[in-house]
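# Coordinate inspection notes
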Amino acid sequence: MAEAHSAVAFSFTVTHEGWDVNFDREVLNLVWQSGLRSWKKRLARFQNSIHNGVYPGHLWTLWVLISITAGIHFSGFKVPYDLVTKIMPYMRGQSLMWQLVACGLVSLTIWLCIIFTLRYTLKLLLMYKGWMYEARGKNRQISRGTKLWLSVVKVLSGWNKPKLYSFQGSLPRLPLPSLHDTMTRYLRSVRPLLDDANYNRMVKLAADFENGIGIKLQRYLWLKSWWSTNYVSDWWEDYVYLRGRSPLMINSNFYGIDAILTYPTKIQAARAATAINSCLNYRRLVERQELEPILIQGLVPLCSWQYERIFNTARIPGAEIDRIQHWSDANHIVVYHKGRYFKVIIYKGRILRPSEIQVQIQQILDDKSQPLPGEEKLAALTAGDRVHWAHARRHFFSRGVNKLSLDTIEKAAFVVALDDVPYEYEPSQPDKLDRFGKILLHGKGYDRWFDKSFTLCVGSNGRLGFNSEHSWGDAAVMSHVWELVVTDETLLIRYDENGNCIGKPEIEPPVPLRLQWEMKSECQTAINMAVTAAQKLIDDIDLRIYVHDHYGKGFVKTCKLSPDAYLQMALQLAYYRDAGKFSLTYEASMTRLFREGRTETVRPCTVESSAWVKAMEDKSFSTEERVKLLQVACMQHQIGYQDAMCGKGIDRHLFCLYVVSKYLEVDSPFLKEVLSEPWRLSTSQTPHGQTGRVDPREHPNCISAGGGFGPVADDGYGVSYIVAGEDIIFFHISHKKSSKQTDCHRFALNIERALADMKKLFEDYKMMNGTK
């Protein structure tokens, strides 16, 4: 237990000769530095709160206004309505000081009125979403109203540089759609999935609901939409994520992959060190709010509330419901290597530099100690059933050394897993990239702390990836972090000619501290049960990462179609060929144009998309007819995506109505059937270009290969894709081996075939019309 003794800052003994004090200067210095850092952060947060509170105004304008008011008053002129003179009788005297106080009070009142007028004006302007539906591109046509709107928004928000949370108070609430509009959209979305008899039955169920209990449920939801900041997000987080009792691994967590077309270094410790340093720099930007909020078209802000929980966050298991625990600060990370956990201090007066962190990582890699009993597979508890983990946590990790070590992991900025296997990619051997994705999705089932906001994974050959918990935030936010980490490799000189971190350590970094555990046989039995459950999930999952490099969005742009709509139509065609039928399809879109917005569902399987797919399979349709049907289908998909982003979605509204019905203990046959429909094709596009740091045309290889997730339905597919450049698209396709209806390798071939047929379709169409 030498490590435990070294953690004691001071001790004292009393003898017959007196008393003696022993103390550890290093530990006391760390305590002192931690205190200084904490106060600096408090001061920065206080300053940021003032900045955000007055945005889009400037604090210095108050002092300017006070000076102007005082100048006018003492010059003998009357300030508007002679306010200074009117409040002077309420002062304790008529001296110069009290006149200045009166000028200050008048100025503050006027200033606050102006500030709040600006804030609410900006909020009203941001409620306008007409710009979303107007044409985009080089030849776009914008209405006069939208041009005027853009000009006013630019004037209001452009004269003061925003911080990360500056727009939060100006973002509008997520609007509640009318019940009739949602019913109409829903019925239209399921029309291609139902035959006439079942569709007529669903129309009747919807009508009974809309004219019956739906009215009462809508009233309660209307009250919530006005009382709460966002009528969806808290229930979505609780009921979809935190109340889920199934394992997080594969079922909920998602992963992200390195920029596989670049290979900066093969040294594991060096690559881990630079990635850790990049993550810590990003954390500092978030904590200081120096990270600028993402602005669509450089003007319209997205909600930033999820960013706060990227770091220092863990999901804590409970018997009935989990909870998200976020700590305001952490000066350490936890590193897992060959079954052992190490606490690594990453702050010593400043964030440690990559060369200094590399020393720490190398010390861990060189450590030859063996895992303690039960330590190696401990994290399997976070991969398995949530109830089992909650009981084990309460019984075996609520006191003593186990509690201290568990607290160290959960309170860490994030967790790093140093794997003992390489992450490989070779175009001639696509199965290697599949293994790369599997390692990140689930690893061995016990070498990722699945409860942490994210685990940074480093292969033995220096390639990177991450595994992220989903309840705290969505993939777009984690993608923002990852983009910063990946682009740092291109923008900064990180390595010397030998592949080590550039520069020499300026300070001696703290030695990694091995975490201690005391696990009795009952605890080890609980861990082994979780390992068995995790292995069962791993054995049942299969993953295929298809790299489509025949063409990319460059060709799609020549077709004058949205790349996302184009790819969704390709997925519809591929699924129809794979399954012989249409399926309810989920595509995630964001609602971050509204305060505390998360996601909404786009339903890509539409009347128009099904008509086009059938035309592609029917030889009686001409090329021109197929192209027109595809254009209409893409247009409809784009409208559906825009509706979802603008708060006119279907599924979150129905979900919240269902929650209200459960609170009221009222059964609805319509809601019960809608919420039980399986999403056999669950899709999502991984965003990139959020930082704007790197031009992909100049650095085409500096783009992550995206990431993926497990299937939502037992007999379905999970498909994530990223349009990584003008000529390359990555598809991450998962399915369960226990399903006889699905095969991710077969589906990848169907995607390849669908994309080839679509390209040929447009090439033939252009040739017929004499265009290039």
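Residues numbered from 1 in each chain as written. Predicted model: local features only at pLDDT ≥ 70, side-chain atom pairs only at ≥ 80, totals over all residues. Heavy atoms only, no water.

### With respect to the overall build of the chain
Cut-off, in case you're wondering: Secondary structure elements are defined from DSSP: runs of H or I of at least 4 residues count as helices, runs of E of at least 2 residues count as strands, and each element is numbered from the N terminus. Values of the radius of gyration come from C-alpha atoms, whereas the globule rule sets the reference at 2.2 Å times the count of residues to the power 0.38. Each residue's exposure class comes from its accessible area (1.4 Å probe, protein chains only) as a fraction of the maximum for that residue type: buried when under 20%, exposed when over 50%, partly exposed otherwise. In these tables, accessible area is a Shrake-Rupley quantity obtained with a 1.4 Å probe, and a residue counts as shielded only by the protein chains included in the view. Charged-residue counts in this description rest on Lys and Arg as positive and Asp and Glu as negative, His and the chain ends being excluded. Positions of charges follow a simple convention, taking NZ of Lys, CZ of Arg, CG of Asp or CD of Glu.
Regarding its fold elements, the chain presents 25 helices and 20 strands. Against the 2.2 N^0.38 benchmark of 28 Å for 772 residues, the chain shows a C-alpha radius of gyration of 29 Å, consistent with a compact globule. Dimensions of the chain, computed from the C-alpha atoms along their principal axes, are close to 100 × 85 × 60 Å. Out of the 772 residues belonging to the chain, those deemed buried represent 54%. Accessible surface, the chain: about 35300 Å² in total, of which carbon and sulfur atoms supply 57%. Charged side chains in the chain number 95 positive and 81 negative. The centres of these two groups are separated by 5 Å.

### Re a nonpolar patch on the surface
Short version of the rule: To count toward a patch, a residue needs a relative accessible area over 30% and no salt bridge; like charges are then connected within 9 Å, while nonpolar side chains (Val, Leu, Ile, Met, Phe, Trp, Tyr) are connected within 5 Å. What makes a salt bridge here is a side-chain nitrogen of Lys or Arg within 4 Å of a carboxyl oxygen of Asp or Glu, nothing more.
A cluster of nonpolar side chains, namely Leu43, Phe46, Ile50, Leu59, Trp60, Trp63, Val64, Ile68 and Trp159, defines an oily patch on the protein surface of about 920 Å² accessible area. With four residues, the top contributor of residues to the nonpolar patch is helix α3 (residues 60-74).

### Focus: the sheet that holds strand β13 (residues 513-514)
Here is the rule we go by: By this definition, two strands are paired if DSSP reports at least two bridges between them. The contact criterion used is simple: two residues touch if any of their non-hydrogen atoms lie within 4.5 Å. To obtain each axis, a line is fitted to C-alpha atoms, and for helices this fit is confined to the stretch in contact; angles are then taken between N-to-C directions over 0 to 180 degrees.
Spatial strand order, β13-β9-β8-β10-β11-β12-β3-β18: eight strands in an open sheet with mixed pairing. Bordering the open sheet on either side are β13 and β18 (707-708), each of which pairs with just one other strand. Each of β8 (332-337), β10 (415-418), β11 (454-458) and β12 (464-468) is contacted by helix α11 (residues 268-287), which is oriented at about 150° to β11, the strand it contacts most. Strands β3 (254-257), β11 and β12 of the sheet are contacted by helix α17 (residues 475-491), whose axis makes an angle of about 160° with β12.

### Quick notes on the nonpolar core
We apply this condition: Put simply, a nonpolar core is a bunch of buried Ala, Val, Leu, Ile, Met, Phe, Trp, Tyr and Cys residues held in one set by side-chain atoms that sit within 4.5 Å of each other.
In this structure, Ile276, Tyr307, Phe414 and Phe670 are the most contacted members of the largest nonpolar core, which totals 106 residues. The biggest single contributor to this core is α11, with 10 residues. Ignoring any residue separated from it by four or fewer positions in sequence, one finds Phe414 in contact with Ile276, Cys279, Leu280, Phe311, Ile333, Val334, Lys452, Phe454 and Leu456. Counting 42 residues, the second-largest nonpolar core is a separate cluster that includes Tyr551, Leu573, Tyr717 and Ile751.

### As for the packing of helix α8 (residues 196-211) against helix α9 (residues 213-227)
The following threshold applies: Should an angle lie under 35 degrees it is considered roughly parallel, over 145 roughly antiparallel, and from 65 to 115 roughly perpendicular; all remaining angles are considered oblique. Each residue receives one of three labels: charged for Asp, Glu, Lys and Arg, nonpolar for Ala, Val, Leu, Ile, Met, Phe, Trp, Tyr, Cys and Pro, and polar for the others, Gly being one of them.
Interaxial distance between α8 and α9 falls to 3 Å at its minimum, and their mutual angle equals 55°. With respect to their mutual orientation, α8 and α9 come out oblique. Contacts between α8 and α9 involve Asp208, Phe209, Glu210 and Asn211 on the former and, on the latter, Ile213, Gly214, Ile215 and Leu217. Its residues assigned to classes, the contact of α8 with α9 comprises four nonpolar, two polar and two charged.

### Description of the state of the cysteines
Filter applied, for reference: For the purposes of this analysis, a disulfide is any pair of cysteine sulfur atoms at a distance within 2.5 Å.
Counted by the stated rule, this structure contains zero disulfides. Counting only cysteine sulfurs, Cys113 is the nearest neighbor of Cys103, a cysteine outside any disulfide, at a range of 17 Å. Look at Cys113 and you get partly exposed, because its relative accessible area is 47%.

### Focus on the domain arrangement of the chain
Quick reminder of the rule: The start and end points of each domain follow an automatic or database-based domain assignment. Two parts placed together each lose some accessible area under a 1.4 Å probe, and the buried area is that loss summed for both.
Domain boundaries assigned for the chain yield domain 1 (1-54), domain 2 (59-128 + 143-159), domain 3 (179-239 + 543-689 + 698-769) and domain 4 (248-540). Each of domain 3 and domain 4 was reduced to a C-alpha centroid, and the two centroids are 31 Å apart. Counting residues at the interface gives 39 residues for domain 3 and 45 residues for domain 4. Where domain 3 abuts domain 4, roughly 3200 Å² becomes buried across the two surfaces, and 57% of that area is made up of carbon and sulfur atoms. Counting the surface domain 3 buries against domain 4, the share from its top three residues, Leu543, Arg592 and Arg598, is 23%. Put simply, domain 3 and domain 4 have three salt bridges between them. Close ionic contact of Asp434 with Arg544 constitutes a salt bridge, the shortest N to O distance being 3.5 Å. Contributing elements (two or more residues each) for the side of domain 3 that touches domain 4: α10 (233-242), β14 (541-548), β18 and β20 (729-736). Here the side of domain 3 that touches domain 4 is built from residues that sort into 14 nonpolar, 16 polar and nine charged.

### Digging into the environment of Ser661
Tracing the chain through its elements places Ser661 in helix α23 (residues 651-663). Sequence spacing of Ser661 and Met635 is 26 residues, and the spatial spacing of their C-alpha atoms is 35 Å. Ignoring any residue separated from it by four or fewer positions in sequence, one finds Ser661 in contact with Leu217, Val666 and Leu671.

### Focus: the packing of α11 against helix α12 (residues 354-366)
Here is the rule we go by: Crossing handedness follows the turn of the near helix against the far one: under a right angle anticlockwise gives a left-handed crossing, and clockwise gives a right-handed one.
Where α11 contacts α12, the axes come no closer than 8 Å and their chain directions differ by 130°. As judged from the angle between their axes, α11 and α12 are oblique. Crossing hand, α11 versus α12: right-handed. Residues Gln268, Ala269, Ala270, Ala272, Ala273, Thr274, Ile276, Asn277 and Leu280 of α11 pack against Pro354, Ile357, Gln358, Ile361, Gln362 and Leu365 of α12. Looking at the contact of α11 with α12 residue by residue, the class counts come to 10 nonpolar, five polar and no charged.

### Some points on the packing of aromatic side chains
The condition is simple: Ring pairs are drawn from Phe, Tyr and Trp, using the six-membered ring of Trp, whenever the two centres fall within 6.5 Å, and their geometry is named by plane angle: stacked under 30 degrees, edge-to-face over 60, tilted for the rest.
Counted under the stated rule, the structure contains 31 aromatic pairs. Consider the rings of Phe254 and Phe466, whose centres lie 6.3 Å apart with planes at 85°: the pair is edge-to-face. Placement of Phe254 in strand β3 and of Phe466 in strand β12 is noted, with a sequence separation of 212 residues between them. Here Phe254 and Phe466 have matching classes, each one buried.

### Some points on the environment of Pro192
Note on placement: Pro192 falls in the loop between α7 (179-190) and α8. In this structure the C-alpha to C-alpha distance between Pro192 and Ser610, which are 418 residues apart in sequence, comes to 6.5 Å. Every residue in contact with Pro192, bar those within four places of it in the chain, is listed here: Phe582, Cys605, Thr606, Val607 and Ser610.

### Focus: α23
As a reminder of what qualifies: A helix is expected to span 1.5 Å for every residue after the first.
Along its 13 residues, α23 runs 19 Å from first to last C-alpha, staying within 8% of the 18 Å computed at 1.5 Å per residue. All of the buried residues along α23 are Asp651, Arg652, His653, Leu654, Phe655, Cys656, Leu657, Val659, Val660 and Ser661. Where α23 ends, the next residue or the one after it, Glu665, has phi of about 60°, a positive value.

### Here we look at the pattern of salt bridges
Enumeration over the complete set of coordinates arrives at 45 salt bridges. Between Glu237 and Arg598 there is a salt bridge; the shortest N-O distance is 3.7 Å. Taken as a pair, Glu237 in helix α10 and Arg598 in the loop between β15 (585-590) and β16 (599-602) lie far apart in primary sequence, 361 residues in all. A residue is classified by how much of its surface remains accessible, and Glu237, at 12% relative accessible area, is buried. Between Asp447 and Arg448 there is a salt bridge, with its nearest N and O atoms 3.6 Å apart. An identical accessibility class is assigned to Asp447 and Arg448; each is buried. What emerges from the salt-bridge pattern is a single network uniting Arg245, Arg315, Asp322, Arg386, Asp451 and Glu469.

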